[in-house]
Amino acid sequence: MTGLGFILYQLRRNPLSIIGITIILIFIVIAIFAPVIAPPPEGHINHYMIPRYGYSPTPKPPDAEHRFGTTQGQYDIFYGVIWGTRSAFYVGLVVIGSVLVIGIVLGSLAGYFGGIVDEVIMRITDIFLAFPPLILAMAITVALGPSLNSVILALIIVSWPVYTRLVRGDILSVREEDYVEATRGIGSSHARIILRHILPNSIYPTLVMASLDIGAVVLSAAALSFLGLGAPEGYADWGQMIQFARNWIVGLPGNPFAYWYTVTIPGLFILFFVLGWNLLGDAFRDILDPRLGKR
Amino acid sequence: MELRTYIIRRLVLLIPVLFGVTLLIFGLLQLFDPVERAALYVKDVRQFSEVGAIIERYGLDQPVWIQYGNWINEIFHGNFGWSKVVAMPVLDAIVNFLPATLELAIFATPLIIFGGIFLGSKAAAHKDRTVDHATRVGAIIGWSLPTFWLGLILLMVFYGFFRGFLPPERLSTDVSILVHSDVFTRYTRMNVIDAILNGNGRVLGDALRHLILPVITLTVVNLAFIMRLMRSSMLESLGRGYILTARAKGLDENSVVNKHARRNALIPVLTVSGYIFAAIVNGVVITETIFNYKGLGWWAWQSAINLDVPSILAFALFNGVLFVLTNLVVDLLYARIDPRVRLGAQVT
Amino acid sequence: MDALLTIRGLTVRFYTYEGVVRALENIDLDINQRETFGLVGETGCGKTLTALSILRLVPPPGRIESGQIMFDIDSNLKPTDLLTISEDKMREIRGSKISMVFQEPSAALNPVFTIGDQISEVMLVHRQKELSDRAVEAVSNLLATRKGFFSSFVRPIWLVQRKLYKIMSEKQGSLLIRFIKRIPLVRRLLWRIKDESEKMAVVSLKEVEIPDAERVMQQYPHQMSGGMKQRAVIAAALACSPKFLIADEPTTSLDVTIQAQILDLLRRLKDEMESSVLYITHDLAVAAELCDRIGVMYAGSLCEVASVNDIYTNPLHPYTLALMAAVPRPGQEPQAIGGTVPDPLSLPPGCKFHPRCSQAMPVCQEQVPQMLEQVPGHFIACHLYRGEASGSSG
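Residues numbered from 1 in each chain as written. Chains lettered and ligands numbered in written order. Predicted model: local features only at pLDDT ≥ 70, side-chain atom pairs only at ≥ 80, totals over all residues.

Provide a residue-level description of the overall build of chain A, including the pertinent values.
A tally of helices and strands in chain A yields 12 helices and 0 strands. Order of helices (α) and strands (β) in chain A, N terminus to C terminus: α-α-α-α-α-α-α-α-α-α-α-α. Out of the 295 residues in chain A, the part that is buried amounts to 47%. (Helix = DSSP H or I, 4+ residues; strand = E, 2+ residues; numbered from the N terminus. Buried ≥ 20, exposed ≤ 12 C-beta atoms within 10 Å, placed from the backbone.)

Right under this line is the structure:
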C-alpha cells in the first residue's frame, strides 16, 4: 500500500524526515524570494554576481550593513549565500533532469532490447565509469573554460552512466512479468510497452534516487567551484565562496578564528542543503524498501 | 561457468574497456590546441623551444586517427610527456607522488570499509534503538559534509587553534630534511613505513601527526556511505526466510546475525566498493589540495588549474587502469562470496 | 494418549499502522504424543501464526498477548509453559525438541552456505556432547593404534585435542573453549567437532532419501531442485529427533509427484521417530491422508476439532461443511463459499463466520461461540450445538 496517506503517515512517524522536508522547504523559499531577502543594489545588472563594497583584500566581520560580513575583495557574504541558493537549485535540477532523460532513453534501450544493444551500451557506460569522476569533470571544465555551465555539463557527463544502469536494472526486473507479455501479445509497439507499462511500474526507486542525488550534485558542483574550475570569481555560488576563504582559515596570529565567517557560513549552507536532501532520501528509502518486498 | 573461465573472460574484456578509456581521453585532447598537445611528446624542458618541429614530427595538425596512433606509440615507449607544473617527465612525477597518496589510502581504506561494515551491522542489528539512531544521525551528517569544507574546518581548528598540533603537508620542515639526508633510507618513500624500517621514532611520530587530519577528512564521508549501505543491506538480509529458519533451528542471535545475515548483506556492499574507490580518488584530490599534501591528487589539481595537459591525461589514464583492475578484484571477491555467481545458476 | 502440547487461550495481536489486527483469538488446542494433527484453513486464517507462536518466533509488530503453551519436554518432568521460559531455554528447545519445516524451501535455505553446512550447524548447536564424545573416541583411537615413529611428533597435538574435546563434552559452556574458538590458528584444533557433525549430517541426508548424499553436502541450494531442497530442510529439522515437528504447507510449492514422495517420507519418518506432527495445510485431501486428527481454523479462531474420520463423515461446523462442499468432485459443480474472508482489521462481532453462514442465528453476531465437546473427541465452536459431551477443548 503506497497511497499518499501512507507515505505521509510514515513521514510523520520519522522525525528525521520532517527535519529534512523543513530544511528543503526553507531553501525553496529562500531561492524564490532571493530578490526580496537580499535585494541587489541599484544599477546592479547581473544579479548572480555578488556586489562588491570596496576593494580591500581583507575580509570584514559581520556588521549591521553586511549581515554575514564580507570576504576578500569585499563581496557581501549574505548576498552571496542567498543567491547561491538559486545557483544550487539551478545546478541540481538541470543536472538531474538531464541525467534522468538520458538514463531513461539509454537504459530503456539497453534493458528492453537486450542483446547487442545492451552490450554496447553497457561497455560504453563501463568506459565512462572507469574514469574517476572528479578528474573527468576537471578535464571537461578545463577544456571548456571554467564556468558554472561547464560544471553542469561535466556533471551530466559523469553521472549519466549510473542512471542508465539503474533504469536498465529497473526494466530488467519488470520485463519478464506477465502483464508485459500480455501487452506484447496484443501487439503494442515497443515504445508503448516501455512508456506505458514497464517504466511506470519500475521506475520509482530510480526517481527517488534521482531526487536525492540533487544534494550530491550540488556537493560535487561546490567541490569543482572550490577547486577553481566552476563559477568565476565573485559569482554567487557556495563552492566559489569557500574558495575565497581558503587563504583566511589560519586567521591572525593570536586569533585563529578571526575570519571564521568566510569559510563557515557558506559551508553551513551547503551542509544543510545536502543534509535536507539526504534526510529526505533516508526516509524515502526506509518507506519504500520493505513495502516493495522482493524486487 | 567455472571460476577460471570467469576470470579469463573478465580480463579479456578489460582490453576493450581500456581501449575505450584511452579513446575518451584522446577525444578530450582534441579540445586543446596543437601547442598544448605538443607538450605530450616532450620529455625534456629543452625540447620546448622546438615546439614547431614537434608539431610537425608527430603530425599534430593531422587527422585524428594518425595522432591517436602516434600517441599510443609514445605511451608504449614509456613517454608520457612533460609535466610543466612539477618540471619533470610525467612518468617520474607519478613515481614521485604515488607513495604519498598510497600512504593516505592505506590508512583510510581499511577504516572506511571495516568501520563502515561494523557500524552498519550494529545499527541494523539494533534497529530503532539508540545505537541505530546515533549512527544514523552521524552517518547522515557525515555524508552531507562537503569534504573540502570539512578539511578546512579541521585545519582551522587543529592547526590554527591548537597551534600547529596537527599540521598540513607530509612532514615538518626539519624532519623533512632529516628524511632526505643520508642518515635515513627511503625504502618505500612512504614515511610511516620507512620510519618503522629505519627504527626512527621521531620521523614516525611526525609523519603520523601529519597524516591524521587528511585521513579523517578522507574517511568521514565514505565511511558514512558504507555504513548506510551496510545497514540497509543487513536489514534486507535479516528479513529473509533463511533467518527465520536459522532462529527456528535454535541458533543464538549472534550466529544468526553474524553468520547468516552478514554474508548475504555484504554482497551489495561489495558491488559498491568499486565506486568507493572512485570516491577515494576524488577525495584524495580535494584532501591533498587542502592540506598541501604532495601526492598524486595534489599534482592532479595543480595540473588542472594550470592546464598541464600531459599530466591530466596521464593521471586519468592511470586512474582508468586502476579502476578497471579494482572492479575486477571486486568481481572476483563477489564470485568468491556468492556461490550463485561462481557456479552459475543450474539445477541438477 | 497423553498430551504432548497443550495450548490454552492463545491470543496474538498485530499492532500496525492501519490498526490492531486480532490475528489469533483464544486458541485452545491439544496435540497428543505420536499423533499427526492437521491444521486446516484458508490462507490468512492464522495457521502459520499458531505454529510460530509455539516456537515464540512471532515477528514484530505481532505480540503474543496472552495464553499458555504447555509442552512436555521430558517424560520425567512436568510440562512447562513455553511462553514463560527464558529465551535461552527456548533456544535449546528450538531445532532439537520442536522443529519446523517451512513452505518455501528456497527461502528457508541460505544461498551462500552449502547444504552440509546448514544441516551440520543444527548438530553443532544441539548435540555438542555427542559430537565431543565421538571426537574423544576418534582421537583415543588414534593414540592407541598409531605408534610409529612419525606419529610421535603428532601425539602431543592429539593429547591436547583429546583434553579439549573432553572439556567440551563435560562443560558445555566452557570459557576455555569459547576463548580458543576466537583465536584463528589455534581453533583449528577443534576441527574434529565439525567433522563429526558433517558425518552426522550425511546420515541425515540419507534418511531423507537424498541420492548421492556426500556430493549434496557440498552443493549450494541453487543447484538443487525444489523437492531435493525440501528434503534437505526436513533433514535439518529432524536432525535432533524432535518430539514435535511442525510442517507448514511443506508441499504446496512442489510438483504433485514430488508432493506424494515428500508425504510418504514424512509418514515414514514420523513413525520411525515416534514424534508428533502439526501439519498445516489448506488442502483437505492431503490432511485426510496424513493426519490422525484435524482442526479447522477460520479468521484466527478454531471452529472444529475432531478425529479425521469424524470430520469427514460427520462434519458439524457450517464452515467445515462449506469447505467440503467446495472441493471439486467429478460430476458435481464445486460450491464456492459465498462472501469473502473478513478484513482482519474489522472482524465481524460474535462468531466470525456468521456473515457467510447459511445457518446464522441472531445470537451468532452477539456472542463468540465457545469450544464445546459435542461427541466424545469431537469439539465444535458453534451456537448450533450445545456440547452434549461436556468438557473444554482438546
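Describe the sheet that holds strand S1 (residues 3–16) of chain C, and please don't skip the residues or the numbers.
Residue and element names in this part refer to chain C. A sheet is described by the order of its strands in space; here 4 strands give the open sequence S2-S1-S4-S5, paired in antiparallel fashion. Of all strands in the sheet, those with a lone pairing partner are strand S2 (19–32) and strand S5 (80–81), marking the two edges. Relative to S5, strand S4 (residues 62–71) is paired through 2 bridges, and the arrangement is antiparallel. Within S5, the position partnered with Phe-71 by the bridge is Thr-80. (Pairing = 2+ DSSP bridges.)

Lay out the confidence of the model for chain B in plain terms, naming residues and giving numbers.
Residues and elements named next belong to chain B. With 81% of its residues at a pLDDT of 70 or more, chain B shows a mean pLDDT of 76. Within chain B, the lowest mean pLDDT, 59, falls on helix H2 (residues 34–38), and the highest, 89, falls on helix H11 (residues 241–248). Per the prediction output, this complex has pTM 0.76; the corresponding ipTM is 0.82. (pLDDT = per-residue confidence, 0-100.)

Can you explain the sheet that holds strand S10 (residues 301–307) of chain C? Please cite residues and give values.
Residues and elements named next belong to chain C. Taking strand neighbours across the sheet as the criterion, the 8 strands line up as S6-S7-S8-S3-S9-S10-S12-S11 in an open arrangement whose pairing is mixed. Sheet topology places strand S6 (98–101) and strand S11 (372–375) at the edges, where each strand pairs with a single neighbour. Averaged over all neighbouring strand pairs, the angle between strand axes comes to 20°, with direction disregarded. Contacts from helix H10 (residues 226–238) reach S6 and strand S7 (244–248), with the element oriented near 170° to S6. (Axes fitted to C-alpha atoms, helices over the stretch in contact; angles between N-to-C directions. Contact = placed C-beta atoms within 7 Å.)

Break down the interface of chain A and chain B for me, with residues and values.
Each partner contributes to the interface: chain A provides 38 residues, whereas chain B provides 42 residues. The greatest single-element share of the side of chain A that touches chain B, amounting to 11 residues, is contributed by helix H12 (residues 260–292) of chain A. Here the residues of the side of chain A that touches chain B are counted per class, giving 27 nonpolar, 5 polar and 6 charged. (Nonpolar A, V, L, I, M, F, W, Y, C, P; charged D, E, K, R; others polar.)

Account for unusual backbone geometry, with residues named and values stated.
If a residue is not glycine, its phi is most likely negative; likewise, a peptide bond is most likely trans. Residue and element names in this part refer to chain C. Omega for the bond connecting Pro-60 with Pro-61 falls within 30 degrees of zero, at 10°, which places this linkage in the cis form. By the element assignment, Pro-61 lies in the loop between helix H1 (47–54) and S4. Phi at Arg-34 takes a positive value of approximately 55°, unusual for a residue other than glycine. Inspection of the secondary structure assignment puts Arg-34 in the loop between S2 and strand S3 (36–40). The backbone phi angle of Glu-274 is positive, close to 55°, even though this residue is not glycine. Turning to its location among the elements, Glu-274 is positioned in the loop between helix H11 (256–273) and strand S8 (276–281).

I'd like a description of the nonpolar core, backed by residues and values.
Membership of the largest hydrophobic core comes to 271 residues, with the highest contact counts inside it found for Leu-155 and Val-218 of chain A together with Leu-205 of chain C. The contacts of Leu-155 of chain A, once residues within four sequence positions are left out, are Val-95, Ala-137, Val-217, Ser-220 and Ala-221 of chain A. (Core = buried A, V, L, I, M, F, W, Y, C linked by C-beta atoms within 7 Å.)

Please set out the pairing of S1 of chain C residue by residue, giving values where relevant.
Residue and element names in this part refer to chain C. Inspection of the sheet shows S1 paired to S2 by 10 bridges, in the antiparallel sense. Each bridged residue has a counterpart across the sheet, and for Phe-14 the counterpart in S2 is Val-21. Connecting S1 to the next strand, S2, in antiparallel fashion are 2 residues. For S1 and S4, the ladder comprises 8 bridges, and the chain directions are antiparallel.

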